Amino acid sequence: MTMSRLVVLALLAIGSASALFSKNDAVIELTAANFQSQVINSDDIWIVEFYAPWCGHCKNLVPEYKKAAAALKGIAKVGAVDMTQHQSVGQPYNVQGFPTLKIFGADKKKPVDFNGQRTAQAITDQILAEVKKAVAARLGGKSKTSSGGSSSGGKRGGSGSGSGSGNEVVELTDANFDELVLNSKDIWLVEFFAPWCGHCKNLEPHWKAAAAQLKGKVRLGAVDATVHTQAAGKFNIRGFPTIKYFAPGSDVSDAQDYDGGRQTSDIVSWAESRAQENRPAPEVLEGINQQVVEDACKDKQLCIFAFLPHILDCQAECRNNYLALLKEQSEKFKKNIWGWIWVEGSSQPGLEQAFEVGGFGYPAMTAFNSRKNKYAVLKGSFGKDGIHEFLRDLSYGKGRTSSLRGDAFPKVETLTKWDGKDGALPAEDDIDLSDVDLDKTEL
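Let me begin by describing the structure that accompanies this report. The structure displayed is predicted, hence computed values, not measured ones.

Brief notes about the overall build of the protein chain
Then step 1. When you go through the protein chain residue by residue, the secondary structure sums to 13 helices and 16 strands.
Then step 2. Out of the 443 residues in the protein chain, the part that is buried amounts to 46%.
Then step 3. In the protein chain, once contacts between residues fewer than 6 apart in sequence are set aside, the share between residues at least 24 apart is 74%.

Here is the structure:
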């Protein structure tokens, strides 16, 4: 036997050993050369497994996949693509994990992710459902391609759930987890799931609905823990689904367990409460003109006004102490999303007249509800405890309020912003006495 023939036989043996299926199986080997003609251009219903020969989960699936192929013979086609040899076949379908199973039904341009258990029974059940849809479509009945869900390849995000339309859940992997979650300034809720997990499937529609409602506030992600074991291993994931909460800039050790319910409203409520905790406290603004004050106060439940002593009565250090006190209180009550304004006493007569604070001296405080045109005045001490008690009562809907006179927003004068410096008395004009003859001054 020649050396070249030995080499050829050795290569064939290697190729045969690496393949999970043989020609004797009912599973059809699909390649870059025949995929278009066999699957896309055919009228048959197909389920296609995208696999890698070294993948343990793929090897475990082999006997069940063969059994399903034998059962579906003459009804639907069962195929397999070795992605280590024909990577280009899976690229249009965003295949990233193994095994990934997709059903090519009535609409071959929109394959459906297989989201059942990895058993012959589950595979045949879903294929028969797709056959029924295809028959209904051919009879002229209305049918929709299933939106799919979590595939065996770990697709729960918008990029891998059927058409992906309207799905705000982000697909997280070993490759992108740190960048998207741990190195993020966003708030995250992350579900670690397994494709065969019944509770995960029940959670999926609620997870997607919550992600849509929380868009712009909290990001929701999903990790197939059976594929992306590195990401799951960081957090010692043992059961499914496991949900973890990540505040902005969290490290691995900072991840917290989600302890809320699994309905959409439960997830949204829990996430929004965490979003409020991480929201920066509102800025305490100097009310130097009408626009600044109205922008800070209109459409807010309350706007807190502080009237501080004149700079000559309370220099820069004193004023900054008051501002620090206001900032501390804005932090404590930041969940309420109030507006915060300070002005120098006597500098805004329109505000003082509207809120009736000028006669009590400075510092003084009022809380104004522009929607109800009502206000409350701090009667206690202008200190940490007195202000906190005043604002706490207001947050509970307590406290005595008065109605503002008229419907117009109080008038605000346009002033120059405080420069942060001490105040200084205006310089007095020097009197020139050189031309006055004091000796001739008549008494």
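That covers the picture; the talk isn't over yet.
Here we look at the pattern of salt bridges
Then step 1. All chains considered together, the criterion is met by 18 salt bridges.
Then step 2. Residue arginine 219 pairs with aspartate 186 through a salt bridge whose shortest N-O separation is 3.6 Å. Here arginine 219 is found in strand β8 (residues 219-224), whereas its partner aspartate 186 is found in the loop between α6 (177-182) and β7 (188-193), with 33 residues between them in sequence.
Then step 3. Several salt bridges converge on common partners, so that one network encompasses Glu328, Lys332 and Lys384.

Remarks on the layout of surface pockets
Then step 1. One number sums up the size of the second largest pocket: a volume of about 350 Å³.
Then step 2. In terms of lining, the second largest pocket is formed by 18 residues, of which the most central are Ala376, Val377, Leu378, Lys379 and Arg400.
Then step 3. Looking at the lining of the second largest pocket, the elements that each hand over two or more residues are β15 (374-377) and α13 (384-395).
Then step 4. When residues in the lining of the second largest pocket are grouped by element, the largest group, five residues, is from α13.

Section: the sheet that holds strand β10 (residues 256-257)
Then step 1. Spatially, five strands are ordered β6-β8-β7-β9-β10 in an open sheet, and the strand pairing comes out mixed. With one partner strand each, in any of the chains shown, β6 (170-172) and β10 form the two edges of the open sheet.
Then step 2. Taken together, the six bridges between β7 and β8 define a ladder with parallel strand orientation. In the strand pairing of β8, valine 190 is matched with glycine 221.

Here's the deal with the state of the cysteines
Then step 1. Overall, the coordinates contain two disulfides when judged by the stated rule.
Then step 2. The disulfide partner of cysteine 297 is cysteine 303, and the gap between their sulfur atoms is 1.9 Å.
Then step 3. Overall, cysteine 297 belongs to the buried group, its relative accessible area being 1%.
Then step 4. Across the disulfide from cysteine 314 sits cysteine 318; the S-S distance is 1.7 Å. Across the S-S bond of cysteine 314 and cysteine 318 the torsion is about -100 degrees, and the bridge reads as left-handed.
Then step 5. Assessed through its relative accessible area of 28%, cysteine 318 is described here as partly exposed.
Then step 6. Disulfide connectivity for the protein chain, with bonded cysteines indexed by sequence position, reads 1-2, 3-4.

Observations concerning the pairing of strand β12 (residues 303-308)
The side chains of a regular strand alternate, first on one face of the sheet and then on the other.
Then step 1. Counting buried residues in β12 gives six out of six residues, a clear majority hidden from the surface.
Then step 2. Side-chain alternation along β12 places Cys303, Phe305 and Phe307 on one buried face and Ile304, Ala306 and Leu308 on a second face that is also buried.
Then step 3. Relative to strand β13 (residues 339-344), β12 is paired through six bridges, and the arrangement is parallel. Looking across to β13, one finds that phenylalanine 305 is bridged to isoleucine 341.
Then step 4. In the classification by handedness, the crossover that spans β12, the intervening helix α11 (residues 316-332) and the parallel β13 is right-handed.

Observations regarding the packing of aromatic side chains
Then step 1. If you walk through the whole model with that rule in mind, you get 23 aromatic pairs.
Then step 2. Centre to centre, the rings of phenylalanine 35 and phenylalanine 104 are 5.7 Å apart; their planes meet at 75 degrees, and the pair counts as edge-to-face. Highlighted residues: phenylalanine 35 in helix α2 (residues 35-40) and phenylalanine 104 in strand β4 (residues 100-104), separated in sequence by 69 residues. Each member of the pair, phenylalanine 35 as well as phenylalanine 104, carries the same accessibility label: buried.
Then step 3. Considering the side-chain rings of phenylalanine 192 and phenylalanine 235, the 5.8 Å spacing of their centres and the 50 degrees angle between planes classify their relative orientation as tilted. In this pair, phenylalanine 192 sits in strand β7 while phenylalanine 235 sits in the loop between α8 (229-234) and β9 (242-246), placing the two residues 43 residues apart along the sequence.

Brief notes about the side chain of serine 250
Then step 1. Along the polypeptide, serine 250 turns up in the loop between β9 and β10.
Then step 2. For serine 250, the side chain forms a polar contact with the main-chain oxygen of alanine 247, separated by 2.5 Å.

A word on the sheet that holds β15
Then step 1. With mixed pairing, six strands are arranged side by side in an open sheet as β11-β13-β12-β14-β15-β16. For this open sheet the edge positions go to β11 (284-286) and β16 (402-403), each flanked by a neighbour on one side alone.
Then step 2. Where β15 meets β16, two bridges bridge the pair, whose relative direction is antiparallel. Residue pairing in the sheet places lysine 374 in a bridge with serine 403 of β16.
Then step 3. Sheet contacts for helix α10 (residues 290-297): β11, β12 and β13; angle to β13, the most-contacted strand, approximately 150 degrees.
Then step 4. Strands in contact with α11 are β11, β12, β13 and β14 (364-369); relative to β13, the strand with the most contacts, it is inclined by about 165 degrees.

Some words on the packing of α11 against α13
Then step 1. At a minimum axis distance of 11 Å, the contact between α11 and α13 shows a crossing angle of 35 degrees. By crossing handedness, the relation of α11 to α13 is classed as right-handed. Contacts between α11 and α13 involve Leu325, Glu328, Gln329 and Lys332 on the former and, on the latter, Lys384, Ile387, His388 and Leu391.
Then step 2. Class assignment for the residues of the contact of α11 with α13 results in three nonpolar, two polar and three charged.

Some remarks on the packing of helix α7 (residues 198-213) against helix α9 (residues 264-278)
Then step 1. Running from N to C, α7 and α9 point in directions that differ by 45 degrees, and their axes come no closer than 8 Å. Here α7 is positioned oblique relative to α9, judged by the angle of their axes. Where α7 crosses over α9, the handedness of that crossing is right-handed. Where α7 abuts α9, its residues Leu203, His206, Trp207, Ala209, Ala210 and Gln213 lie against Thr264, Ile267 and Val268.
Then step 2. When the residues that make up the contact of α7 with α9 are grouped by side-chain class, the tally is six nonpolar, three polar and no charged.

Rules used throughout
- Residues numbered from 1 in each chain as written.
- Predicted model: local features only at pLDDT ≥ 70, side-chain atom pairs only at ≥ 80, totals over all residues.
- Heavy atoms only, no water.
- Helix = DSSP H or I, 4+ residues; strand = E, 2+ residues; numbered from the N terminus.
- Buried < 20%, exposed > 50% of the residue type's maximum accessible area, 1.4 Å probe, protein only.
- Contact = heavy atoms within 4.5 Å.
- Salt bridge = Lys/Arg side-chain N within 4 Å of Asp/Glu carboxyl O.
- 1 Å grid on protein atoms, 1.4 Å probe; cavity = no way out; pocket = protein on both sides within 12 Å on 5 of 7 lines; lining within 4 Å.
- Points joined across faces, edges and corners; volume = space filled by probe spheres on them.
- Pairing = 2+ DSSP bridges.
- Disulfide = S-S within 2.5 Å.
- Right-handed = clockwise from strand over helix to strand, strands pointing away.
- Phe/Tyr/Trp six-rings, centres within 6.5 Å; stacked < 30°, edge-to-face > 60°.
- Polar contact = N/O pair within 3.5 Å; in protein donor to acceptor, adjacent residues only side chain to side chain.
- Axes fitted to C-alpha atoms, helices over the stretch in contact; angles between N-to-C directions.
- Left-handed = near helix turned anticlockwise from the far one by under 90°.
- Nonpolar A, V, L, I, M, F, W, Y, C, P; charged D, E, K, R; others polar.
- Parallel < 35°, antiparallel > 145°, perpendicular 65-115°, else oblique.

None of this, on its own, says anything about what the molecule does.
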